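A structural walkthrough
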Amino acid sequence: MASLRDIKTRITSTQKTKQITKAMQMVSASKLNKAELNAKSFVPYSEKLQEVVASIANSGEEAEHPMLKAREVKKTAYFVITSDRGLAGAYNSSILRAVYRTIQEKHQSEDEYTVIVAGRVGRDFFKKRGIPVTKEITGLPDQPNFADIKDLTAETVQLYIDEEIDELIVYFNHYISAISQEVTAKQLLPLTNLDEGANKSSSMYEYEPNQEEILNVLLPQYAESLIYGALLDSKASEHASRMTAMQSATDNASDLIDDLSLQYNRARQAAITQEITEIVGGVAALE
Amino acid sequence: MKTLIVSVVTPDGPVLEDNFEMVSCKAENGELGILPGHIPLVAPLTISAVRLKGNNDTKPIAVNGGFLEVRPDKVTILAQSAESPSDIDVERARRAKERAEKRLKAKQDDVDFRRAEYALKRAINRLDVAENR
């Protein structure tokens with residue numbers, strides 16, 4: 001049985017860990033609030049953009065653009081969004097597992113796919129396994145601006161335009177609620193499901209200078225905004241998942257402290273009882 | 001005087017929504033002036049200042065990477081960034097301008113060149129808007 005002092009040390013160290021996890025939980029909770037707000041303020045932009053894109057794309061037969069048309073897939077790009085730091089429960093591992101499995105199942109050789117990754121955890125994961133990483137971004141702030149990721153999104157969309165990749169699939173944790181997030185794979189390019197939201201806008205537009213020119217400007221912007229939307233979504237998930245992880249760590253620490261306290265008290269009582277027995281024994285021997 | 005609702009939206013949230021009498025802006029192929037009752041129109045904007053006129057006052061907004069959607073009673077400007085003069089960080093814009101100029105002088109490959117050019121345009125646009133407030 002552990003000595004009194006050993007137990008005492010363990011209790012103190014567990015208490016300290018608990019303090020830290022508790023603090024991290026509260027920090028994540030406040031970050032989650034902000035991330036939710038960010039995601040909300042992005043909604044008007046994306047909705048409006050989608051509405052305009054859909055109304056142009058559906059207005060006539062001649063609306064043709066390489067980004068709208070599926071071509072034969074020779075190379076698939078996976079855009080994977082992970083976090084920079086760990087301690088977020090299954091946030092990173094579940095998404096990386098999903099991507100890794102898909103890659104193993106769908107592709108035979110390394111020429112058929114490439115990975116674009118956001119976040120240090122994901123980057124290290126793919127580098128370690130020798131999976132080609134075309135582009136990466138790390139050190140994104142907790143509340144990213146569009147400006148923070150603009151270069152990456154623009155370059156990614158450019159890859160598609162230059163026909164270096166023929167398909168772009170984004171993998172991210174979709175935020176459902178504070179306790180539940182879901183790994184989501186979404187095909188971004190080519191843009192196919194534009195019909196949603198088309199019925200809302202009944203007005204027909206004049207185009208200045210013409211449809212084609214506008215699609216040239218609009219579609220890359222639209223694709224970039226989708227990537228940004230996924231990033232905001234997954235940031236919210238990251239904070240939520242870290243919050244939940246830290247919550248359960250705090251709970252576990254509390255349980256452990258309870259158990260250890262019980263052990264400690266038992267050990268102390270045993271020591272006292274033994275002392276009394278010894279004294280009583282000593283007195284009895286004298287009489 | 002008739003007015004139209006102008007709303008400016010960026011990925012980081014709405015910037016402004018208010019009534020104005022006229023919107024004048026620079027589209028890809030020339031200046032555009034929008035008055036209330038305009039037919040529905042979509043046009044991409046250059047990196048430039050959008051001027052919103054109303055109440056005998058003109059409000060400039062620096063936009064970049066945006067386009068304009070016009071309905072008879074409403075104008076929506078969707079841009080990757082949009083700032084009114086008071087929101088512009090002049091120091092930062094000035095630094096960005098210097099950086100871009102330096103890069104343009106160094107003359108690297110095409111991609112970097114184009115990017116530097118855009119960065120320079122954005123910085124100059126911001127400075128212009130900030131100074132003319």
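What this report covers is the structure whose coordinates are included nearby. Values in this document were obtained by computation on a predicted structure and should not be read as measured data.

Glancing now at the nonpolar core. The biggest cluster of nonpolar side chains holds 47 residues, and the ones touching the most others in it are A:I56, A:F79, A:L168, A:L189, A:L218 and B:V42. Elements that contribute at least two residues to this core include exactly helix 1 (4-57), strand 1 (76-81), strand 2 (113-118), helix 4 (146-161), strand 4 (167-177), strand 5 (180-189) and helix 5 (211-286) of chain A. Among the elements that line this core, the one with the most residues is helix 5 of chain A, at 12 residues. Apart from the residues within four sequence positions on either side, A:L168 is in contact with A:A77, A:F79, A:I116, A:T156, A:K186, A:Q187, A:L188, A:L189 and A:I227. Core analysis: the next-biggest nonpolar cluster, separate from the first, contains 23 residues, B:V8, B:A27, B:A43 and B:V70 among them.

Attention now goes to unusual backbone geometry. Look at the link from A:L189 to A:P190: it is a cis peptide, with omega at -5 degrees. With respect to the helices, strands and loops of the structure, A:P190 is situated in the loop between strand 5 and strand 6 (206-207). In this structure, A:E163 takes a positive phi of about 60 degrees despite not being glycine. Inspection of the secondary structure puts A:E163 in the loop between helix 4 and strand 4. You will see that B:N55, though not glycine, has its phi angle at about 55 degrees, which is positive. Tracing the sequence through the fold places B:N55 in the loop between strand 6 (48-54) and strand 7 (57-71).

Residue and element names in this part refer to chain A. Counted by the stated rule, this structure contains 17 salt bridges over all chains. In this structure, D142 engages K31 in a salt bridge whose closest nitrogen and oxygen atoms are separated by 2.7 Å. Here the residue D142 occupies a position in the loop between strand 3 (133-137) and helix 4, and K31 occupies one in helix 1, the gap between them amounting to 111 residues. Accessibility expressed as a relative area gives 17% for D142, which makes it buried.

The subject of this paragraph is a negative patch on the surface. Residues and elements named next belong to chain A. A cluster of acidic residues, D251, D255, D258 and D259, forms a negative patch at the surface. The topology assignment puts D251 in helix 5. Of the residues examined, D251 reaches a relative accessible area of 39% and is grouped as partly exposed.

How each quantity is defined
Residues numbered from 1 in each chain as written. Chains lettered and ligands numbered in written order. Predicted model: local features only at pLDDT ≥ 70, side-chain atom pairs only at ≥ 80, totals over all residues. Heavy atoms only, no water. Core = buried A, V, L, I, M, F, W, Y, C linked by side-chain atoms within 4.5 Å. Buried < 20%, exposed > 50% of the residue type's maximum accessible area, 1.4 Å probe, protein only. Helix = DSSP H or I, 4+ residues; strand = E, 2+ residues; numbered from the N terminus. Contact = heavy atoms within 4.5 Å. Salt bridge = Lys/Arg side-chain N within 4 Å of Asp/Glu carboxyl O. Patch = residues over 30% accessible without salt bridge, like charges linked within 9 Å, V, L, I, M, F, W, Y side chains within 5 Å. Areas by Shrake-Rupley, 256 points an atom, 1.4 Å probe, with all protein chains shown as cover. Lys, Arg positive; Asp, Glu negative; His and termini not counted. Charge placed at Lys NZ, Arg CZ, Asp CG, Glu CD.

These values are about where atoms sit, not about what they do.
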